[in-house]
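What follows is each chain in one-letter form.
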Amino acid sequence: MPAPGRPHPRGSGAARSADSRGARGRGVRGGRPGSSAGAGDGEDVLSHMCRERNEQGEFFSDQEITQHSTFLLFAAHDTTTSVLSHMVMYLGGRPEYQEVLRQECMALNSDELEHNDLDKLPEFERCFEEVMRLHPPVPMSMRRTIRETELGGHRVPANTLLFMPTCYNQRDPQYWTNPDEFDPSRFADPRNEHKNHSYCYHPFGGGAHKCIGMHFALMLSKCFIFHLLRNYAVATPPNYSPALDWVPIPKPADGVPITLTAINA
Ligand code: HEM
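Residues numbered from 1 in each chain as written. Predicted model: local features only at pLDDT ≥ 70, side-chain atom pairs only at ≥ 80, totals over all residues.

**Q** Can you walk me through the overall build of the chain in this structure?
**A** Across its full length, the chain holds seven helices and eight strands. Here the chain holds 265 residues, and 23% of them are scored as buried. Considering only residue pairs separated by 6 or more positions, the chain has 58% of its internal contacts joining residues 24 or more positions apart. (Helix = DSSP H or I, 4+ residues; strand = E, 2+ residues; numbered from the N terminus. Buried ≥ 20, exposed ≤ 12 C-beta atoms within 10 Å, placed from the backbone. Contact = placed C-beta atoms within 7 Å.)

**Q** Help me understand the packing of helix α3 (residues 62-92) against helix α7 (residues 214-231), please; the structure alone is not making it clear to me.
**A** One can describe the packing of α3 onto α7 by two numbers: an axis separation of 10 Å at closest approach and a directional angle of 40 degrees. It follows from the interaxial angle that α3 and α7 lie oblique. Remark: the crossing between α3 and α7 carries right-handed chirality. Of α7, the residues touching α3 (which contributes T79, T80, V83, L84 and M87) are A217, L220, S221, F224 and I225. Each residue belonging to the contact of α3 with α7 can be placed in one class, and the counts come to seven nonpolar, three polar and no charged. (Axes fitted to C-alpha atoms, helices over the stretch in contact; angles between N-to-C directions. Parallel < 35°, antiparallel > 145°, perpendicular 65-115°, else oblique. Left-handed = near helix turned anticlockwise from the far one by under 90°. Nonpolar A, V, L, I, M, F, W, Y, C, P; charged D, E, K, R; others polar.)

**Q** Honestly, the nonpolar core in this entry has me stumped. Any pointers?
**A** If you look at the biggest cluster of nonpolar residues, it comprises 23 residues, and the most contacted ones within it are M87, L101, F128, V131 and I225. Mapped by element, the contributors of at least two residues to this core are α3, α4 (95-106), α5 (122-134) and α7. Once residues lying within four places of it in the same chain are set aside, the contact partners of F128 are V83, M87, L218 and S221. (Core = buried A, V, L, I, M, F, W, Y, C linked by C-beta atoms within 7 Å.)

**Q** Would you mind going over the site of the ligand with me for this structure?
**A** Close to the ligand lie 19 residues, the nearest being T79, G205, C211, G213 and A217. Those elements giving two or more residues to the shell around the ligand turn out to be α3 and α7. Ranked by residue count, the leading element in the shell around the ligand is α3, at six residues. Taken together, the residues that form the shell around the ligand break down as 13 nonpolar, six polar and no charged. (Near = placed C-beta within 6 Å.)

**Q** Looking at this structure, how should I read unusual backbone geometry?
**A** Trans peptide bonds make up the majority, and among non-glycine residues the majority have a negative phi. Residue P190 is bonded to the preceding D189 through a cis peptide linkage, with omega at -5 degrees. Tracing the chain through its elements places P190 in the loop between α6 (166-169) and α7. Cis geometry is found at the peptide bond from V247 to P248, where omega equals -5 degrees. Within the fold, P248 resides in the loop between β6 (244-245) and β7 (251-252). Phi is positive for N109, which is not a glycine, with a value near 55 degrees. Residue position: N109 is located in the loop between α4 and α5. You can call N109 exposed: it has 7 C-beta atoms within 10 Å.

**Q** What is the right way to look at α7 in this model?
**A** Residue pairs spaced three or four apart in an α-helix point in one direction, given the helix's 3.6 residues per turn. With 18 residues, α7 extends 26 Å between its outermost C-alpha atoms, agreeing within 8% with the 26 Å of an ideal straight helix rising 1.5 Å per residue. Residues A217, L218, S221, K222, I225, F226, L228 and L229 constitute the buried set of α7. Packing partners of the buried residues in α7 comprise α3, α4, α5 and β5 (232-235). (Expected span 1.5 Å × (residues − 1).)

**Q** I keep staring at the environment of P252 and nothing clicks. Help me out?
**A** Structurally, the position occupied by P252 is in strand β7. Once the C-alpha coordinates of P252 and P242 are considered, the two residues, ten residues apart in sequence, prove to be 6.0 Å apart. When near neighbours in sequence (up to four residues on either side) are disregarded, P252 contacts S85, M89, P242 and L244.

**Q** Even after reading the chapter, I still don't get α5, so can you show me in this structure?
**A** Over its 13 residues, α5 runs 19 Å from end to end, which matches the ideal 18 Å to within 8%, given 1.5 Å per residue. Where α5 is buried, its residues touch α3, α4 and α7.

**Q** I tried to follow the packing of α3 against α5 on my own but got confused; where do I start?
**A** Put simply, α3 and α5 touch, their axes get as near as 9 Å, and they point 105 degrees apart. When the interaxial angle is binned, α3 and α5 end up roughly perpendicular. Counting all contacts with α3, which are made through V83, H86, M87 and Y90, the residues of α5 involved are C127, F128, V131 and M132. Partitioning the contact of α3 with α5 into residue classes produces seven nonpolar, one polar and no charged.

The following block contains the structure:
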């Protein structure tokens with residue numbers, strides 16, 4: 001619900017404003033609604049969307065393009081920001097563990113995170129997975145049944161809205177040891193708790209609509225943490241335990257106050 005005074009209604013307002021600008025013909029395609037003129041031959045996502053046609057051979061309307069672009073911005077940026085905010089929150093209160101990740105980054109012996117080195121950060125990956133287990137940026141997915149079906153012995157009529165609670169499945173004590181504890185080693189051999197059930201861990205969803213940006217999000221997060229930890233020690237206030245927001249996207253409610261101390265300064 002876009003309750004007043006929260007970021008959600010501000011975002012909805014901005015989306016409406018983008019929609020109306022498009023609808024007035026000064027939109028994404030340089031003022032020629034219904035044609036691809038103005039899209040150019042760029043290789044960015046927006047240019048591709050402007051040139052794309054639907055099953056009927058028509059270009060997408062300006063409104064469809066602004067809505068898809070807004071969705072993509074949300075799907076890509078807000079989710080990655082959510083996981084990185086929580087990760088900084090955990091690392092800030094765990095200097096020893098932070099040092100483990102820093103040493104993993106330092107061991108690459110490079111000022112930049114090269115493409116070939118992306119797979120050489122296994123401890124980072126476990127940390128990333130654990131943070132998304134505890135605080136899935138998309139805490140719940142929705143689906144509508146298109147025909148009658150049965151789920152766990154329950155008859156589900158056609159056209160029923162179903163919620164898949166990622167946030168509960170990923171803390172279900174049936175599959176996870178001490179589920180509320182931050183413990184990245186649960187993702188390592190021999191524990192591999194995420195393999196206890198094919199859907200006990202699904203921060204990126206599953207099936208036909210599984211996240212298309214999951215590898216990109218991991219890459220982006222590695223770059224961010226790589227540069228952060230190589231250059232700074234991160235600390236949160238003593239006994240820091242913030243209230244957590246769940247809407248419009250999970251994040252520490254106070255924005256995570258941190259102290260950055262330059263390394264080798
Ligand atoms: C940590 C970061 C991310 C998380 C946790 C995440 C999570 C998800 C989840 C759970 C879904 C499935 C939603 C559903 O089934 O209803 C999804 C879909 C999607 N994600 Fe992500 N996502 C992340 C990053 C990204 C990035 C970086 C991009 C783009 C560059 C992206 C683009 C999309 C798109 C376009 C879809 C819709 C796919 C479809 O409907 O076929 N996501 N994401």
